[in-house]
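Spelled out from the first residue to the last, the chains are:
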Amino acid sequence: EAIAQLRARVRRQKEIMDATTHSEAEEVAEMWKWIKVSFIVAFPVCVLSVVKDLTLIDHPHRKEGPQPDYMAIQVKEFPWECENCALFDLECWKKCRAEQAAEGA
């Protein structure tokens, strides 16, 4: 049944191809027309959206300081010496190492 469906699709495609009266040169010209239209429309839209994003929209960043409890959820400990510190949280690392030095002394 699947092969019969494929053959029917190929037959239908051949019928469509035989029914068209466009030459290959006309098809290529139509293709380039739509490529040009796409660039004429897409390029200004992209440029305007970049300008809008850079000028009009404020990019909020995470506030400095401690996070609320609901934002500092940690499911499991990190696999390094200070298990509660994120890899690039330098302040946490300093505190952790100071606590470890105090415990070791």
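If you're wondering where the values come from, they're calculated on a predicted model, not measured in any experiment.

Tell me what's going on with the overall build of the chain, and back it up with residues and numbers.
Along the chain, the regular secondary structure elements total three helices and zero strands. Going from the N terminus to the C terminus, the chain shows its helices and strands as α-α-α. Compactness check: the chain gives a C-alpha radius of gyration of 32 Å against a globular reference of 13 Å for 105 residues, more than 25% above the reference. Looking at the chain as a whole, 4% of its 105 residues are labelled buried.

An account of the pattern of salt bridges is needed here, citing residue identities and associated values.
Counted according to the given criterion, the structure contains four salt bridges. Here K52 makes a salt bridge to D53, at a shortest N to O gap of 3.0 Å. Taking relative accessible area as the criterion, K52 reaches 37% and is therefore assigned partly exposed.

Go over the state of the cysteines with me, naming the residues and quoting the values.
The tally for this structure, following the rule as stated, stands at two disulfides. Residue C82 pairs covalently with C96 via a disulfide, S to S 2.2 Å. Residues C82 and C96 share a disulfide whose torsion about the S-S bond is about -100°; that sign makes it left-handed. In this pair, C82 sits in the loop between helix 2 (24-55) and helix 3 (90-104) while C96 sits in helix 3, placing the two residues 14 residues apart along the sequence. Each bonded cysteine of the chain gets a number by its place in the sequence, and the pairs then read 1-4, 2-3.

So what's going on with the layout of surface pockets? Residues and values would help.
For the largest pocket, the calculated volume is near 720 Å³. Lining the largest pocket are 18 residues, and of these R62, G65, P66, Q67 and D89 lie nearest its centre. A breakdown of the residues in the lining of the largest pocket according to their chemical character gives eight nonpolar, four polar and six charged.

Tell me about the confidence of the model for the chain, and please be specific about residues and values.
For the chain, per-residue confidence averages 86 on the pLDDT scale, and 97% of positions sit at 70 or higher. The least confident element of the chain, judged by mean pLDDT, is helix 3 at 89; the most confident is helix 2 at 93.

Tell me what's going on with helix 1 (residues 2-19), and back it up with residues and numbers.
With 18 residues, helix 1 ought to run about 26 Å at 1.5 Å a step, and its terminal C-alpha atoms sit 26 Å apart, in line with that. The element helix 1 is largely exposed, with a buried count of zero among its 18 residues.

The rules behind the values
- Residues numbered from 1 in each chain as written.
- Predicted model: local features only at pLDDT ≥ 70, side-chain atom pairs only at ≥ 80, totals over all residues.
- Heavy atoms only, no water.
- Helix = DSSP H or I, 4+ residues; strand = E, 2+ residues; numbered from the N terminus.
- Rg over C-alpha atoms; globule rule 2.2 N^0.38 Å.
- Buried < 20%, exposed > 50% of the residue type's maximum accessible area, 1.4 Å probe, protein only.
- Salt bridge = Lys/Arg side-chain N within 4 Å of Asp/Glu carboxyl O.
- Disulfide = S-S within 2.5 Å.
- 1 Å grid on protein atoms, 1.4 Å probe; cavity = no way out; pocket = protein on both sides within 12 Å on 5 of 7 lines; lining within 4 Å.
- Points joined across faces, edges and corners; volume = space filled by probe spheres on them.
- Nonpolar A, V, L, I, M, F, W, Y, C, P; charged D, E, K, R; others polar.
- pLDDT = per-residue confidence, 0-100.
- Expected span 1.5 Å × (residues − 1).

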